[in-house]
Amino acid sequence: MSRDYTNVINSINSIASKVYNDLESSEIPNLKLPTRTKSNIQFDDKLNVWKYGKNMTERSAKSLDGAYMMLRTMYMVDFIKDMIKANKSSTLREMYYISEGWDLAKFNSQPESDSLAEDLEVITGCMREDFKLRPEEDGARVIGNLTIEEVTRNKTKKKIHCQDDVGDSGYSIPYNVEPEKISFKGADADFILAIETGGMFDRLVENGFDTSNRAILVHLKGQPARSTRRFIKRLNKKKKLPVLVFTDCDPWSYRIFGSVAYGAIKTAHISEYLATPAAQYLGVTPSDIENYKLPTDKLTKEDINALKSELSDPRFQDSFWKHEIKLQLSLGKKSEQQALAKYGLDYVTETYLPEKLAEMGIKK
Amino acid sequence: MAEAIAHELAKKQKEISVAEFFERNKHILGFGNPTRALVTSVKEGVDNALDACEESGILPDIYVEIRNHEDGENKLIIEDNGPGIVKKQIPHIFGRLLYGSRFHAIQQSRGQQGIGISAVVLYGQLTTGKHAKVISKIQEDRPATITELAIDTNKNRSDVINRDIMHWDKPSGTRFEVSIVADYKRGKRFVFEYLQSVSIVNPHAQITFKEPDGSEHLFERTTDMLPRKSVGIKPHPYGVELGTLIKLAKNTKSRKLSSFLKSEFSSMGDRTTKAVCEKAQLDKDFNPKNMSREQFLALHKAFKKVKIMAPTTECLSPIGETLIKRSLKHETQEISPEFIVTASRPASVYSGNPFQIEAGIVYGGSLPRDNSVKLMRFANRVPLLYQQGDCVSTSAISSIDWRRYGLDQSSGKGIPSGPAIFLTHISSTLIPFTSESKEAIADIHEIESEIKLAFRECARKVQRHIHKKIRRAKTREKFELITKILPEIAKKSSNMLDKPTPSLDKVITKIMDVVWIEDIIEYEKTSSKPVQSTLFDESSEKREGGWITKSTVMVVNYKNKPQKFNLYAVIPEDAVIGSVTPQPTKITDNYIKWNLDTIIPADKRDIYFELAGLDKEDFDENDLYVENINPSYVIGADKWEGD
Ligand SMILES: Nc1ncnc2c1ncn2[C@@H]1O[C@H](COP(=O)(O)OP(=O)(O)O)[C@@H](O)[C@H]1O
Ligand SMILES: [Mg+2]
């Protein structure tokens, strides 16, 4: 299990050297990194995912905020180096608390330190895991005819069948889903269904949808964690299973789909690890609102702004999304997955999903 | 106006009793209701005490006590350490309506503004039926007289009920006791506000206020200097009315027009007199007694066409910017305002009467943000408490667009709202009140424009202060960057790489890219006699010790090229300059100037100067300017715009 961290250490040192050399040659220290905004993501034809474009942002010590950021960067890379040397790791939250002791370099809030960790990934091309940093979030759940082999904390390999060996809450995805930690053994299923809400996940489990329709159900838990996205990506590649995303019908849910299928704006530097380009959006679509006469809520001001922003988001430029988003804006309405319960508890598994799956050519 | 009412009264005395007159005019005399009556009574007594002390060069120490009994009857006691009143005069002053000493003097005083202390005695007598009591002492080694008196309302004479002598510890002074019907519960707030206001514009006075519940409030003295003594002057030709001009000419002792002009008017020298006569096409040797109406008219017109020096301001006694600021600061302590600015206009004239406007703004602290700003109005150091809406100061303030000075004001007109107090003080030999109640100043063009100018000046100072605050914050950020953060970055990166810490001078210069000026002000108490000060009258120079205000200005060149420029430090007019280093190039009443020698990059100069004649914190912010350098290179000083 002891891996070689030389590359990581080198890239970390290169950050320190850059700053040091700037100072030594009487330049105001600065670090450049790709601009991490919607306007600076491009489709990468080779990788088939969305990556950052050419726009660079400069972090300079010329302003007070910039100087603070740079000092924090120096502290963080030093801390990472220490962890690598001591063969330790920490959660992002732990690192935030450790930074309390960094005097002038301490962070004001955890999002600040999380975001700096992402910046470091972007600058060095390493992954958070290389820095021995792991997320807080507990893993999402999986139920289906799938066998996973996991290396447990006492270093033994354990096979887990995601129906027989788990309770109703399913198999819990660990934060590390790389081959060194888990591998996929048998999978006897026709597709992967990624579900936004826990309520809907539980409904499908209760109705036995995984067996009746040969599906592997994955609960996304809102905006999915890196490990969940990586898990879906690896499963899709390894077992060649189609991935379908089933969410609420609102702009925020489309972003969830976007991060599964195209890559998220915040993590576009590692889209090729996280995104599953083959993922398809199943619903609920604005057209479904009309076709199924679903109960709705009015769009809020924030919803409308988010939809409009998606119209200019390079990831949502295909005709399907343009059409659906414009339709939703004209309807002025949104709906939820669980609104399907209007027609009874079995409606989603007996009628809605089978119809949609047939429409998409997954099932006859 | 006071004169007019006196004549009016004199006529009426034959027909009606003073009691009747008082009853009819109660409202305009300030006794309209029991709340007003309380404030008016306090005001009459305190005004007299202040006037008397000032006239005899005594620092006023005034004691005000209100005792309240049930059924609305209050006992009011006002005591001063003034010169006292001679026995013979006491019945006249306290027992006769409109017996004053000031109705005819062209000289600034408070007295002009009241109906007189006897009105208080009369009001007390009419409402409670009780007598007033006056204790007065005029000489240290003699006993005090105690007089109990009433007013005979039919004759407008006093009735001395009892007279005696008594021992009194005071070297001299007057104590006045009267029972009046008043609403203490409601009036309390006004009395307090009145006394506080008095204390603000009379920083030389100390006032103790004892309330019915026994609690005492002390309005402290903030300066030991008596206001400059005002002296009577002759009328100024600008705006003197034609009728008055003719009357003066008939009564003059001068035989010639030129000597008449020079002797009966102020500001008339040889040259001006000649110019006026030429303009009026009148022979300077005319006998003024024989001039025709047309000739007076021509003379009257000529006054306006010739540039005549403003009247001497001797007759006025303004408070002065420094003192206003100091007492505002003192009285607004609990508010802890963010800053206080003041402005003092030069004396000006309306209808031949000299006047002078002073203004002040207290800003921030715990003052309410959503209310209209509080207006404090004063005339000859007397607070004006009522009829704010009718006052020219209110309309002047309302006509300024305050929105660009950080205050709210719908449509840029009207009284602005925001966390501020606006103070207006007018000093004049004749305050043009709108009515006999003397609470609002009439809408006179010259006065309005002077008030506007004073507030504009304050507003500019406010703006400068706000700019300075923003700039300070920026400077502080940069300073934090180069002194704390950057060295840490250097240390951390060199530690990680096991390399020596690099020198940061050049990077710092690049980051700052300015000439940076920062100052600190410290105060040091001196035990010796104070340095001579322009604020002092020779007569009152008896203070023990004083404060030295020490400013250190640090100039650092954080540009990458050498810089050479001139620096100006503006100083208050009241200050006296002590030691200055380095050697200044020029010193005037208003500033110190240095032609600094060349400062190479990353090098620094310390400039130091001392000011005396100011109290601690009178001067709490340096006003620095630069010349011969691009002002955008400089943080901490503005462009010098010339003297
Ligand atoms: N406390 C006092 N000490 C000395 N003199 C006083 C005092 N009160 C009043 N006087 C004298 O009495 C005069 C009349 O006072 P007052 O009736 O209030 O009219 P005014 O103040 O308008 O002159 C004053 O001008 C002053 O000479
Ligand atoms: Mg008086």
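Above this text is the structure in question.
Residues numbered from 1 in each chain as written. Chains lettered and ligands numbered in written order. Predicted model: local features only at pLDDT ≥ 70, side-chain atom pairs only at ≥ 80, totals over all residues. Heavy atoms only, no water.

Peer 1: Describe the overall build of chain A, naming the residues involved and giving the relevant values.
Peer 2: A tally of regular secondary structure across chain A gives 13 helices and 17 strands. Out of the 364 residues in chain A, the part that is buried amounts to 55%. Long-range contacts, defined as pairs at least 24 residues apart, comprise 72% of the intrachain contacts of chain A with a sequence gap of at least 6. Element-wise, carbon and sulfur atoms account for 48% of the exposed surface of chain A, whose accessible area totals about 16200 Å². (Helix = DSSP H or I, 4+ residues; strand = E, 2+ residues; numbered from the N terminus. Buried < 20%, exposed > 50% of the residue type's maximum accessible area, 1.4 Å probe, protein only. Contact = heavy atoms within 4.5 Å. Areas by Shrake-Rupley, 256 points an atom, 1.4 Å probe, with all protein chains shown as cover.)

Peer 1: Give me the lowdown on the overall build of chain B, citing residues and values where you can.
Peer 2: Looking only at helices and strands, one finds 14 helices and 24 strands in chain B. Here chain B, with 643 residues, has 53% of them falling under the buried criterion. Total accessible area on chain B stands at roughly 29400 Å², and carbon and sulfur atoms take up 48% of it.

Peer 1: Quick one: what's the story with helix α13 (residues 445-497) of chain B, residue by residue and with numbers?
Peer 2: All names here are of chain B. For α13, which comprises 53 residues, the first-to-last C-alpha distance of 76 Å matches the rise-based estimate of 78 Å (1.5 Å per residue) to within 8%. At Leu 481, α13 is bent by approximately 35°, the largest bend along its length. Count one or two residues on from α13 and you reach Asp 498, which has phi positive near 60°. (Expected span 1.5 Å × (residues − 1). Bend = angle between axes of the 7 residues up to and from the residue.)

Peer 1: Requested: an account of the packing of aromatic side chains, with residues and values cited.
Peer 2: On inspection of all chains with the given rule, the structure shows 41 aromatic pairs over all chains. A centroid spacing of 4.9 Å and a plane angle of 50° characterise the contact between Tyr 281 of chain A and Trp 321 of chain A, whose relative ring orientation is tilted. Taken together, the residues Tyr 281 of chain A in strand β15 (residues 280-283) and Trp 321 of chain A in helix α12 (residues 319-331) connect sequence positions 40 residues apart. The rings of Tyr 254, Phe 257, Tyr 262, Tyr 281, Phe 316, Phe 320 and Trp 321 of chain A are connected pair by pair, giving a single aromatic cluster. Here the guanidinium or amino end of Arg 189 of chain B rests over the ring plane of Phe 190 of chain B, the centre of that ring lying 4.6 Å away. Seen from the ring of Tyr 633 of chain B, Lys 559 of chain B lies directly overhead, with NZ or CZ sitting 3.8 Å from the centre. (Phe/Tyr/Trp six-rings, centres within 6.5 Å; stacked < 30°, edge-to-face > 60°. Lys NZ or Arg CZ within 6 Å of the ring centre and 35° of its normal.)

Peer 1: Kindly report on the interface of chain B and chain A, identifying the contributing residues and their values.
Peer 2: Across the contact, 24 residues belong to chain B and 26 residues belong to chain A. Both faces considered, chain B and chain A share a buried interface measuring about 2300 Å² in area, 72% of it formed by carbon and sulfur atoms. Sorting the residues of chain B by area buried against chain A places Ile 489, Lys 492 and Met 496 of chain B first, and these three jointly supply 28% of that buried surface. There are two salt bridges connecting chain B and chain A. Here chain B and chain A share six residue pairs in polar contact (both at pLDDT 80 or more) between them. Elements supplying a minimum of two residues to the side of chain B that touches chain A: α13 and α14 (505-512) of chain B. (Buried area = accessible area lost by both parts, 1.4 Å probe. Salt bridge = Lys/Arg side-chain N within 4 Å of Asp/Glu carboxyl O. Polar contact = N/O pair within 3.5 Å; in protein donor to acceptor, adjacent residues only side chain to side chain.)

Peer 1: Account for unusual backbone geometry, naming residues and giving values.
Peer 2: Across the junction of Gly 283 of chain A and Val 284 of chain A, the peptide omega takes the value 5°, indicating a cis bond. Looking at where Val 284 of chain A falls in the secondary structure, it is placed in the loop between β15 and α10 (286-291). Cis rather than trans, the peptide bond between Thr 581 of chain B and Pro 582 of chain B has omega equal to -10°. With respect to the helices and strands, Pro 582 of chain B occurs in the loop between β18 (576-581) and β19 (586-587). Here Lys 155 of chain A, not a glycine, exhibits a phi torsion of approximately 65°, which is positive. Along the polypeptide, Lys 155 of chain A turns up in the loop between β8 (146-151) and β9 (157-161). Its relative accessible area of 60% is what places Lys 155 of chain A among the exposed residues.

Peer 1: Describe the packing of helix α2 (residues 18-29) of chain B against helix α5 (residues 117-128) of chain B, listing the residues and the values that go with them.
Peer 2: Residues and elements named next belong to chain B. The N-to-C vectors of α2 and α5 enclose an angle of 90°; their axes lie 11 Å apart at closest approach. Taken together, α2 and α5 sit at an angle that is classed as roughly perpendicular. Of the residues in α5, those touching α2 at Val 18, Ala 19, Phe 22 and Glu 23 are Ala 119, Leu 122, Tyr 123 and Leu 126. Residues that form the contact of α2 with α5 fall into these classes: seven nonpolar, no polar and one charged. (Axes fitted to C-alpha atoms, helices over the stretch in contact; angles between N-to-C directions. Parallel < 35°, antiparallel > 145°, perpendicular 65-115°, else oblique. Nonpolar A, V, L, I, M, F, W, Y, C, P; charged D, E, K, R; others polar.)

Peer 1: Residues and numbers for the pattern of salt bridges, please.
Peer 2: All names here are of chain B. Within the structure shown, the criterion is met by 57 salt bridges over all chains. Here Asp 618 ties to Arg 326 by a salt bridge, and the two come within 2.5 Å at their closest N and O atoms. On the criterion of sequence distance, the pair formed by Asp 618 in the loop between β21 (604-614) and β22 (623-627) and Arg 326 in helix α11 (residues 321-331) is long-range, its members being 292 residues apart. For the salt bridge of Asp 597 with Arg 605, the shortest nitrogen-to-oxygen distance reads 2.9 Å.

Peer 1: How would you explain the pairing of β8 of chain A if you had to name every residue and give the values?
Peer 2: All names here are of chain A. The buried fraction of β8 amounts to five of the six residues, a majority that puts the element mostly inside the structure. Relative to β9, β8 runs antiparallel, the two being bridged by five bridges. Within the sheet, the bridge partner assigned to Glu 149 lies in β9 and is Lys 159. With antiparallel pairing between neighbouring strands as the criterion, β8 and β9 make up a hairpin whose turn holds five residues, including Lys 155 at a positive phi of roughly 65°. (Pairing = 2+ DSSP bridges.)

Peer 1: Mind laying out α14 of chain B, listing which residues take part and the relevant values?
Peer 2: Quick reminder: α-helices carry 3.6 residues per turn. Residues three or four places apart thus point the same way. Of all the positions in α14 of chain B, only Val 507, Ile 508, Thr 509, Ile 511 and Met 512 of chain B are classed as buried. Next to the buried residues of α14 of chain B lie α1 (6-24) of chain A together with α13 and β15 (515-526) of chain B. At the C-terminal side of α14 of chain B, Asp 513 of chain B shows a positive phi close to 50°.

Peer 1: Describe the packing of α1 of chain A against helix α2 (residues 64-86) of chain A, and please don't skip the residues or the numbers.
Peer 2: Residue and element names in this part refer to chain A. One can describe the packing of α1 onto α2 by two numbers: an axis separation of 10 Å at closest approach and a directional angle of 150°. In this view, α1 runs roughly antiparallel relative to α2, as classed from their interaxial angle. As α1 runs across α2, the sense of the crossing is left-handed. Facing α1, whose interface residues are Val 8, Ile 9, Ile 12, Asn 13, Ile 15, Ala 16 and Val 19, α2 presents Met 70, Thr 73, Met 74, Val 77, Ile 80, Lys 81 and Ile 84. Across the contact of α1 with α2, the residue classes break down as eleven nonpolar, two polar and one charged. (Left-handed = near helix turned anticlockwise from the far one by under 90°.)

Peer 1: Describe the sheet that holds strand β10 (residues 171-172) of chain A, naming the residues involved and giving the relevant values.
Peer 2: Residues and elements named next belong to chain A. Read from one edge to the other, the open sheet built from six strands follows the order β10-β7-β13-β12-β14-β15, with strand pairing classed as mixed. This sheet does not close on itself; its edge strands, each paired only once, are β10 and β15. Pairing between strand β7 (residues 141-143) and strand β13 (residues 215-219): two bridges, direction antiparallel. Residue Ile 143 lies in a different strand from β13, and its bridge partner there is Leu 217. Against the sheet, helix α13 (residues 347-359) contacts β12 (191-195), β14 (243-246) and β15, and its axis sits at roughly 145° relative to β15.

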